[in-house]
Structure formats: C-alpha cells, structure tokens
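# Fold and geometry: a report
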Amino acid sequence: MNLKLFPVIVLVILGTSCTVYKEYPIEIYKPGNANVPSSAKNAAIVYRNFKYKEDTLQHYYKNDFLLVKAKNDPKNLDSLLVTACINELAADLKSNNAFEEVYIFPTNIFERHTGEHLTDLPPEIIESVSQASDADLIIVLETFSSFYSTYPQTFDTPKTNEVLTVAVWGIYDPVKNANIERKTMIDTVFWNGYDDEGNYRKGYTPPPRLTALEMASALAGENYAKRFYATWQTVNRMYSVPPLPDFSDAAFYFEEGKLDQAIALWQKYADDSNGKMAINARYNLALAYELKDDLETAQKWLTAALALASKYKSRNDLNTILTYQKILDSRRKELSKFNRMQNENLP
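Structure report, in brief. (Residues numbered from 1 in each chain as written. Predicted model: local features only at pLDDT ≥ 70, side-chain atom pairs only at ≥ 80, totals over all residues. Heavy atoms only, no water.)

Along the chain, the regular secondary structure elements total 9 helices and 11 strands. Taken against the 2.2 N^0.38 rule, which gives 20 Å for 347 residues, the C-alpha radius of gyration of the chain at 26 Å runs more than 25% over that of a compact globule. When the backbone C-alpha atoms are referred to their principal axes, the chain occupies close to 85 × 65 × 35 Å. The buried share of the chain, taken over its 347 residues, is 44%. (Helix = DSSP H or I, 4+ residues; strand = E, 2+ residues; numbered from the N terminus. Rg over C-alpha atoms; globule rule 2.2 N^0.38 Å. Buried < 20%, exposed > 50% of the residue type's maximum accessible area, 1.4 Å probe, protein only.)

Within the secondary structure layout, Gln-325 lies in helix α9 (residues 315-345). On the accessibility criterion, Gln-325 (13% relative accessible area) is buried. Among all residues touching Gln-325, those that are not within four sequence positions of it are Gln-299 and Leu-302. (Contact = heavy atoms within 4.5 Å.)

Further remarks concern the packing of aromatic side chains. Evaluated as defined, the whole model comprises 13 aromatic pairs. Here Phe-65 and Tyr-151 contribute two aromatic rings whose centre-to-centre distance is 5.0 Å and whose plane-to-plane angle is 50°, an arrangement assigned as tilted. With Phe-65 in the loop between β4 (60-63) and β5 (66-69) and Tyr-151 in strand β8 (residues 137-151), this residue pair connects regions lying 86 residues apart in the sequence. Given the relative accessible area of 60%, Phe-65 is considered exposed. What links up through ring pairs into an aromatic cluster is the set Tyr-24, Tyr-239, Phe-254 and Trp-266. (Phe/Tyr/Trp six-rings, centres within 6.5 Å; stacked < 30°, edge-to-face > 60°.)

Interhelical geometry of helix α5 (residues 245-255) versus helix α6 (residues 259-267) gives an angle of 160° and a closest axis separation of 7 Å. Of the possible angle classes, the one that applies to α5 and α6 is roughly antiparallel. Helix-helix and strand crossings are classified by hand; for α5 and α6 the assignment is left-handed. For the pair α5 and α6, the contacting residues are Asp-246, Phe-247, Asp-249, Ala-250, Tyr-253 and Phe-254 in the first and Leu-259, Gln-261, Ala-262, Leu-265 and Trp-266 in the second. Considering only residue class, the contact of α5 with α6 consists of 8 nonpolar, 1 polar and 2 charged. (Axes fitted to C-alpha atoms, helices over the stretch in contact; angles between N-to-C directions. Parallel < 35°, antiparallel > 145°, perpendicular 65-115°, else oblique. Left-handed = near helix turned anticlockwise from the far one by under 90°. Nonpolar A, V, L, I, M, F, W, Y, C, P; charged D, E, K, R; others polar.)

In an α-helix, one turn spans 3.6 residues; hence positions three or four apart end up facing the same way. An ideal rise of 1.5 Å per residue puts 26 Å on 18 residues; helix α8 (residues 295-312) measures up with 26 Å between its terminal C-alpha atoms. When we look at burial in α8, the residues that qualify are Leu-295, Ala-298, Gln-299, Leu-302, Ala-305, Leu-308 and Ala-309. Lys-313 occupies a position one or two residues after α8 and carries a positive phi of about 50°. (Expected span 1.5 Å × (residues − 1).)

Here we take up the nonpolar core. Residues Leu-93, Phe-99, Leu-137, Ile-139, Leu-141, Trp-169 and Phe-228 are the most contacted members of the largest nonpolar core, which totals 39 residues. Looking at this core, the elements that each hand over two or more residues are β2 (42-47), α2 (77-95), β8, β9 (160-173), β10 (178-191) and α4 (209-225). Counting residues per element, this core draws most heavily on α2, at 8 residues. Not counting residues up to four positions away in its chain, the partners in contact with Leu-141 are Val-46, Tyr-47, Arg-48, Asn-49, Val-82, Cys-85, Ile-86, Ala-167, Val-168 and Trp-169. Ala-251, Phe-254, Ala-305 and Ile-321 belong to the second largest nonpolar core, which has 38 residues in total. (Core = buried A, V, L, I, M, F, W, Y, C linked by side-chain atoms within 4.5 Å.)

Right, let's get into the pattern of salt bridges. Opposite charge on two side chains makes pairing possible when the charged atoms of those side chains draw close. Tallied over the full model, the rule gives 15 salt bridges. Among the ionic pairs, Asp-120 bridges to Arg-182, the shortest N-O distance being 3.0 Å. Remark: Arg-182 occurs in strand β10 and Asp-120 occurs in the loop between β7 (113-115) and α3 (123-133); sequence separation between them is 62 residues. Residue Asp-120 is classed as partly exposed on the basis of its relative accessible area of 42%. (Salt bridge = Lys/Arg side-chain N within 4 Å of Asp/Glu carboxyl O.)

What follows is the structure, encoded as structure tokens:
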C-alpha cells in the first residue's frame, strides 16, 4: 500500500460520510414569462364568463370533509370574486409598469355560457374588444372557480380554512387576431394561525368563508400579474460542507458574500485527483458562479460535477446535481427569453 495516498483516502471517506448540506437564500432575477409581443403598450382585461359543465359547486363548501350547501350567498357571488381577481390583476400590472394603460371591461360583457371544451374567442370579438379599448393586447380571464374548505381544531393542528382557486387565462393579440397563450393557474391559500416564520398566533381567527373567497380571488389575480413583469425573488439553494478546514473556511466566505475567496478554496479540490471530494467542490463552484450571474460558467462546473458523480455512481450526489440542473436550465431559458425580448425592443 502506498502510504502517501492514505491521507487522501481518509479524507474522501470522511467527506462522503460526514458532509453537511446547508441551505442558503439568494435573490434571483425572474423576468416576466408571459407571451407578450414587444410592441404591446396598452392592455384590456376581459372576463369570458365561461363555466365548464361540471363546475357546479360555487355555492357549496366542505366542512370537516363533508359537502355543505352555503346559506345566504349573494346571487352575484361569481361576479364579486371575479371583480376582486381582475381588479388586483390590473392594479398589480399598473404599479409595476407592465403596460402604459390597462382597461377593464365590466364583468358582465359576456353572458354566462357553459361547455365541455374551452374554445378561443372569435376573431370578430377580439377586434371589437381591441377597438373599444384601444388595446394592443387582450388579457382574458376565460373561466374562474373557487372552493372553500374548513377543518376543525385537532390535538396537533389548529382550526384551518383554505380556498382553492382555478383560473384559466388567455392572451389575445389583436394584430394576429388570435390567441397566443393560454395558462391555467391553480392556487391554494391557507389560514391556520401560523405566521410566515412558522410561529403560532394564539387566539387567531381565520377569515369567514366569503371573506376568504374574496381574498384568495384577489391573490389569484396578483399571481397571474407576475407573469408580465420582472421581479426579484428569494429562493433557497443547497451547498455542501465536507469535514475539511478549507471547506469550512469557504463556507464562511460564501455566507459573507466573499465569493472570490470561497471560489479559490473550492477550486483547490475540483481536480479529478481529489475523488468524490471534487464532486462537492464542483457543485459549490456552480452555485458560486450562479450568484455571480455567470450562468455559463455555473453550467460548466455543474456538468463537470455530474460527470464525476456518474463515474462514482454516487446516487445522492446525482440526485442533488440533477435537481439543481433543472433549476439552472430554467433560469438560463428565462434569461435567454428576456434578452431576446430586450433585443426586439431595441430601435
């Protein structure tokens, strides 16, 4: 046995058995991903008033898993909830300067109609809506449904209310006189007395059914609006800390935002000669370069980590790397689309 190799082998064994994975929150730039022509300046919002034939539970709710018919519901409940959804959509689009003007049509512009399949608006209606609002983009809430459930307090969970909303949105281009995107948005909103940090608020009372429905409907409009403009979002990323002083020091630098110092330490272990330890180093380097907004270099390091993990048939490392690969691919596609749209807007 070559004694000079012994320390390296020990380190590799330690690295595979005692590696710690830590979460690190980062701010990422999320460009809007709605299919909007670069020339679109003014938008009109329309409610299609379409219902699928099986959508018949508007005036029902679940109480402890039992279906109950609601009493004293307003006759125009659907209109009230759609109005909350559309108004929030319009307000969010305006406050984030997604369009120069946003025109809202009354929710009763279309009569209620039902069917088994949702078809596109006819070209003549698209043209009519565009002319009436001077809009060069039409956002259509094709159909909207919501459902309220309430669950009683148990020995380990507090009383909980929830609302499920399902909205199908369409984007119509008056120039092409056609639908250019259809998106289904499904959201669930919970009220259970816990705040955003997971702390329980003693004495908390969830909102009653009609209030909860209206709040969830407004949130559905807000969530769809985010597809039309760029935002900064906080997401968590994982990085690894094998039991080596250099990796501990690199973790300190990384947490302090001193990426170059962390990169210099991780690069010492990125060579094939470091065995499985190089998988951790390469993976961490990919994350560091993502934080530096150098996604191409991040992709190169992640590909190198994947190749080495495949060589060693390291299942845990492969799962972690492939999960990150999907996230990184998604970010690269979003930024590529954003850059392409920016170039189209150049004079």
